[in-house]
Amino acid sequence: MAVYPKRPQGARSSRLAAPLLALGLATSVPAQAADMDFSNEYNASSIHAEGDAWFIDRVETLTDGEVDITLHTGGALGFRSGDHFYAVADNAVQIADSLSGTLGGIDPIFLLSSLPFLADDVDAAHRLYEIARPEYAKVFEDNDQILLYASPWPASGIWAEEPITSMEALEGLKIRSYDRNGTATLVSAGASPVKLSWADVVPQLATGGIEAVLTSAEAGANGSFWEHLSDFSAIQYAVPLNMVHMNRDAFESLSEEDQQAVLQAAEETDAHNWEVVKQRVAENYAQLEEHGIDIHDPVPAEFQAALAEAAQPVVDDWVESTGERASRILEEFHQGNDGQESDEETAQ
């Protein structure tokens, strides 16, 4: 695991610490409202930005306005998801909403949620997240950050100018992937993937650099993909997560009451986001239909099976690179699946 270099012991400080210590008044000055910046690469109408705004509202309410957080969407601060880990660790920005897969170079655990065809619906993805959350949190903790909450995407599919419902349709397709799991899976399936940050997707579509996109109906609607593409094929590739993480110094600079309020708001937002995503697909599909997008859901079973076969080496490689943590998480996840299937059979 890559660990960001730590500050020397005792180097933590609030924005008031140095002047207060110089005056010998560190314990007697009343608390002041904290101002924090929150970076999100996606636009303000995205499910993630809306969840972040909901969190900010809860923080404001629970702290009586003592913690003031400003949300910057659309990469307005100049940070993309791949930049956020170190930007937050350095306190260049206090809070960030980051696509988990872009942090795979920090630690492969962050590629878990985008493992192909492992968790193909929201309930399964939520269970996987709950199992793995302590491992996510530990990586952030080891790098002077706090994991606040997750923000799930609707399941990823393929946007293109034709139905992608067979392996033949994938052959040689110039398609955007969002992390190395997707890149490896699409190569195995015969496509020609290009890993791109979200900010680069629409420009590449406009110039012909790519001709298809691996992403959700949600993301495509946010990006007005109907201006470039005509079809969405719901391959249920994965339910990837965004992670919302906070600089530990910024957190510890808050009063104990405000710290607890932030954690309470984060817990509430986590639950809120998982409920919202369940309704989002129907809303997205209605919007796509209004703009003339042909939706292919479900895709043919034989195509789904062939994709899963092409993806299995990616899962195997992830387990090998991630080690004991991976085996333990997947074992618990699959045991839960077995129990759920037994309950369903009993109900029938």
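As a starting point, this report considers the structure included with it. Quantities reported herein were computed from a predicted structural model and do not represent experimental measurements. (Residues numbered from 1 in each chain as written. Predicted model: local features only at pLDDT ≥ 70, side-chain atom pairs only at ≥ 80, totals over all residues. Heavy atoms only, no water.)

On to the sheet that holds strand S3 (residues 95–99). The five strands lie next to each other as S2-S1-S3-S10-S4, forming an open sheet whose pairing is mixed. Each having just a single partner strand, strand S2 (67–72) and strand S4 (145–152) make up the two edges of the open sheet. Within the sheet, the average angular offset between the axes of one strand and its neighbour, ignoring direction, is 20 degrees. Sheet analysis places strand S1 (residues 34–40) next to S3, joined by three bridges and oriented parallel. Across the sheet, Phe38 pairs through a bridge with Ile95, a residue of S3. The sheet contacts of helix H4 (residues 122–142) involve S4 and strand S10 (241–247), and relative to S4 the element is tilted by about 145 degrees. The sheet strands contacting helix H10 (residues 256–290) are S2, S4 and S10, and the helix crosses S4 at an angle near 20 degrees. (Pairing = 2+ DSSP bridges. Helix = DSSP H or I, 4+ residues; strand = E, 2+ residues; numbered from the N terminus. Axes fitted to C-alpha atoms, helices over the stretch in contact; angles between N-to-C directions. Contact = heavy atoms within 4.5 Å.)

Further remarks concern the pairing of S3. For S3, a buried count of five out of five residues is recorded, marking the element as mostly surrounded by other parts of the structure. Residues Ile95, Asp97 and Leu99 of S3 are buried on one face, and the alternating residues Ala96 and Ser98, pointing to the opposite face, are buried as well. Of the strand pairs in this sheet, S3 and S10 are connected by five bridges, and their pairing is antiparallel. For Ile95, the partnering residue across the bridge sits in S10 and is Met246. (Buried < 20%, exposed > 50% of the residue type's maximum accessible area, 1.4 Å probe, protein only.)

A word on empty space enclosed by the protein. Per the counting criterion, the structure on display carries three cavities of 30 Å³ or more. One number sums up the size of the largest cavity: a volume of about 80 Å³. Taken together, Tyr42, Leu99, Trp153, Ser156, Arg176, Tyr178, Trp198, Thr215, Ser216, Ala219 and Pro240 make up the full set of residues lining the largest cavity. Across the lining of the largest cavity, the residue classes break down as seven nonpolar, three polar and one charged. In this structure, the second largest cavity encloses a volume near 50 Å³. Considering the residues around the second largest cavity, the lining is formed by Leu112, Ser113, Ala119, Ala125, Leu128, Tyr129, Tyr136, Val239 and Leu241. In terms of residue class, the lining of the second largest cavity is made up of eight nonpolar, one polar and no charged. (1 Å grid on protein atoms, 1.4 Å probe; cavity = no way out; pocket = protein on both sides within 12 Å on 5 of 7 lines; lining within 4 Å. Points joined across faces, edges and corners; volume = space filled by probe spheres on them. Nonpolar A, V, L, I, M, F, W, Y, C, P; charged D, E, K, R; others polar.)

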